[in-house]
Amino acid sequence: MVKEVAAPIDVQEAATPRPGRWRRGAFLARQHPLGAFGLLCILVLFGAGVLADVVAPYNPTEESRLTRQVGILAEAVSADDNVFTIDQAETGPGSTILIGEEKVRLSDFIHSEVGDTLVIEVVRGEDDTVAVPHESGEGFELRGAVDQLSPPSLSHPFGTDRSGWDVLSRTIWGARISLLIGLVSVSVGISLGAFFGVLSGYMGGIVDSIVQRFVDMLLAFPALVLLLAIITVIGDEDSSARKAIDDLLSPILTGQGTFWGIPAFVDIFVVSIGIGVAVAVGTARIIRGAVLSLKENVYIEAARSIGASSPRIMWVHIFPNVAALVVVLGSIFLPIAILAESAISFLGVGVPYPTPSWGADLSEQNRENALQGDWWPAFFPGLALSLIVLGFNMVGDAFRDISDPRLRGGQGSGGGRGGVSL
Amino acid sequence: MREYIIRRMLLLPVIMIGVSVLTFSIFRIIPGDAAVLTCGFACTDEVVDALREERGLNDPLFPVSLDFTDPPIVSLQGDSQYGNWLWNLIKPQFRQIVGPIEIPLPNLDPGQSITESELPVEEELRHRLPVTVELMIVTMVFALLLGIPPGVISAIRPGTILDWVSRMSSVVWLSVPNFFLGILVITFGSIWFDWTPPQFASGSYVNFWEDPLTNIEEFLLPSLVLAVGLAAVIMRLTRSAMLEVMRNDYIRTAWSKGLRERTVVWRHALKNALIPVVTVIGLQIGGLLGGAVLIESVFNLNGIGKYVLEAIVRRDIFVVMSMVLGFAIVYVTANLLVDIAYAWLDPRIHYA
């Protein structure tokens, strides 16, 4: 009898291919549409911030003019002329133009109108509107007045503010400033906090006591009040701290204190440092807790027994183990830092007005304009601010759902410590 | 339990002294010369010197000084800036902290601000404190009313449209910054309903018992705006705590006894679910104090927060310093009370 041995069949292992990165991403997005929406908000706003010089249609601190060509002067006029002709006139009596340095108003008296040529008499007078002629070939091209407080339109989707600045461009540049302040303050705060947290947790004893009592005292202040105090102190132009920051930053600044296209960078940096200190306080406490349990591990004892120095153990053995926690804390503190900056700037203590910051755009004059019905200069920056915080909250919720299996199965999000707010 | 409370009570003065030293150090040591700071560029050297002498800025900073010789010498000073500042705060008849400033300050509107800065702090506090206190209390009430019931409903009916709506709205309310929400309310209130917030002159706080309507008109919207963010936090927390509690055995027992849903949910489950909520309320008091600064500015309420802000803009370091200390003391005390309430609510917690 021949023993039948099953011939090895050439079986294609029918393992389901591990889904690609994109497919998994798409799956997660379908499972957590709100999280995907939040991520989209963050990406769009920060992307706009990074690419602000490319994306923003106008310069955020340059007056927008009604760029419509309102006519061409048939011939050059001097400042003394008071009768002249305009070809292809779209302008008419009552509007104002500038001849030389002088503002003149087109009078109601039209001498003659032949085809689309307008012969007009001018009246010297005061008016808010300005028209700028500039030389071109045969005559002057007339440009319109400063486009103040014009409601959202096609050329200015978010309208313009009281200075004729394009609100869309300011909102986009505001994203860059928020991003910058968030990154600077969080990196300053996280590194300070991680340093003192690891030091205090690992060294214990007197070092721990001193650091923790200091943290206790700083935690005794409401966050926004602490921030106001710090910024009052280091933000004052006469203070020694402010001067030190000035000196520190001078190498990277160009022109009038400009960095990465942002004017008044020192003010922004000062605000970031203030927020950074507040972030560091919270971080130090949490990191210390993690280090306390970490240092009981055998490998720390082993490192110590072979004679590793304390700084080495902290840097090589402790820090890499809390690095993940540090990154998570950073992502939690980022939207808080952005909110804090806006609150401070809104109160008029943070980033000064001409710099396009979401918080500053909500304050003072824009607020008064809003009260009078011109809501757009304050509304859109505030909306962007709300969206970025919303984005972080939604991503945070989705992340918690994904990482906490107990919440799976339809019970959904909305737990934990309540999310990001100031 | 009793020892815990006594120990915390005894620790409170120590923390307060620490906080006052820190506040003093932040404002007096870091920025350099307070006389120059108050005075700005406009002052000549003589004026600065006179101001410094007048306000005792030539005195030593702390009542205890330490010389790092060998051995270190500790010496006591009779007159010190820190000591005098604190003494002035504590002793009511000396509360005129800003009184000594008589030279006109730069950068301010001479019409009102100078007289305002010459009003003694005590006077200011008397009519500003009730505003902030009422704002806080009404906000807290609104936050609890708007937070707990939706949280409970959302937890006992998970997956329903009601749950979805309250979850969505909570994440939205959580994310809209309160100062922006305030501006939206005022702006669209005036555009759509032709409504403008009532303007109140300094010191015209209307007591609720005297004129309830005006009082409500003054506080309803600011408190609501400040409350929705906190309510969202409370709602989310109540929901997750309720979901956790509803899975417990004793709830199943209550169901199987045939108790009505109302009894199970509101009597058996909610009591335990509220324990973490109390902690979070304690944590949020700091946010509420900061929020008061913002909301008072938005709605033009003359409370403590607006006072601090005005002092910062005026660069009146001494007022800022005192008010910041005040905020910290309120915050620390409130946290202590919440901790005690927490220990009292949850007998399982033992503080050794």
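On a predicted model such as this, the values are computed, not experimentally measured, just so you know.

Procedures and definitions
Residues numbered from 1 in each chain as written. Chains lettered and ligands numbered in written order. Predicted model: local features only at pLDDT ≥ 70, side-chain atom pairs only at ≥ 80, totals over all residues. Helix = DSSP H or I, 4+ residues; strand = E, 2+ residues; numbered from the N terminus. Buried ≥ 20, exposed ≤ 12 C-beta atoms within 10 Å, placed from the backbone. Contact = placed C-beta atoms within 7 Å. Nonpolar A, V, L, I, M, F, W, Y, C, P; charged D, E, K, R; others polar. Core = buried A, V, L, I, M, F, W, Y, C linked by C-beta atoms within 7 Å. Axes fitted to C-alpha atoms, helices over the stretch in contact; angles between N-to-C directions. Parallel < 35°, antiparallel > 145°, perpendicular 65-115°, else oblique. Left-handed = near helix turned anticlockwise from the far one by under 90°. Expected span 1.5 Å × (residues − 1).

Engineer: Account for the overall build of chain A, with residues named and values stated.
Structural biologist: A count of helices and strands for chain A gives 13 helices and seven strands. The burial tally for chain A puts 44% of its 422 residues in the buried class. Pairs at least 24 residues apart make up 64% of the contacts formed inside chain A by residues separated by at least 6 positions.

Engineer: I'd love a proper account of the environment of L249(A), names of residues and values included.
Structural biologist: All names here are of chain A. By secondary structure assignment, the location of L249 is in helix α7 (residues 240-249). Note: C-alpha distance between L249 and L45 (204 residues apart in sequence) is 27 Å. Setting aside its immediate chain neighbours within four residues, L249 contacts F265, V266 and F269.

Engineer: Just give me the short version of the interface of chain B and chain A, but keep the residues and values in it.
Structural biologist: Accessible area lost upon the coming together of the parts serves often as the stated size of an interface. Contacts between the two partners involve 54 residues from chain B, matched on the other side by 51 residues from chain A. Counting only elements with at least two residues in the side of chain B that touches chain A, the list comes to α1 (2-28), α2 (34-39), α7 (161-175), α8 (178-192), α9 (212-245), α11 (261-299), α12 (304-314) and α13 (317-345) of chain B. Ranked by residue count, the leading element in the side of chain B that touches chain A is α11(B), at eight residues. A breakdown of the residues in the side of chain B that touches chain A according to their chemical character gives 37 nonpolar, 13 polar and four charged.

Engineer: Describe the nonpolar core, listing the residues and the values that go with them.
Structural biologist: Ranked by internal contacts, the top residues of the largest apolar core, which has 166 residues, are L227(A), A337(A), A231(B), V308(B), V320(B) and V324(B). Each residue touching V308(B), except ones within four places of it in the same chain, is listed here: L228(A), V293(B), V320(B) and M323(B).

Engineer: An account of the environment of I42(A) is needed here, citing residue identities and associated values.
Structural biologist: All names here are of chain A. Inspection of the secondary structure puts I42 in helix α2 (residues 33-50). Classification of I42 as buried rests on a count of 20 C-beta atoms within 10 Å. Along the primary structure I42 and L387 are separated by 345 residues, whereas in three dimensions their C-alpha atoms are 7.9 Å apart. Not counting chain neighbours up to four residues away, the residues in contact with I42 comprise I388, G391, F392 and V395.

Engineer: How would you sum up helix α9 (residues 298-305) of chain A? Please name residues and give values.
Structural biologist: For α9(A), the tally of buried residues reaches only zero of eight residues, placing the bulk of the element at the surface. Of the residues one or two after α9(A), G307(A) is the one with positive phi, at around 90 degrees.

Engineer: An account of the packing of α8(B) against α11(B) is needed here, citing residue identities and associated values.
Structural biologist: All names here are of chain B. Look at α8 against α11: their axes get within 9 Å of each other, and the N-to-C directions meet at 20 degrees. In terms of axis orientation, α8 runs roughly parallel to α11. Our pair here, α8 against α11, has a crossing hand that is right-handed. Within the contact between the two elements, α8 uses N178, F179, G182 and I183 and α11 uses G291, L294, I295, V298 and F299. Residue classes in the contact of α8 with α11 are distributed as six nonpolar, three polar and no charged.

Engineer: Any chance you could break down α2(A) for me, citing the residues and the numbers?
Structural biologist: Residue and element names in this part refer to chain A. Its 18 residues give α2 an end-to-end C-alpha distance of 25 Å, which sits within 8% of 26 Å, the value for a rise of 1.5 Å per residue. G35, G38, C41, I42, L45, A48 and G49 are the residues of α2 that are buried. Looking at the buried residues of α2, the elements they touch are α3 (52-55), α4 (167-203) and α13 (376-403).

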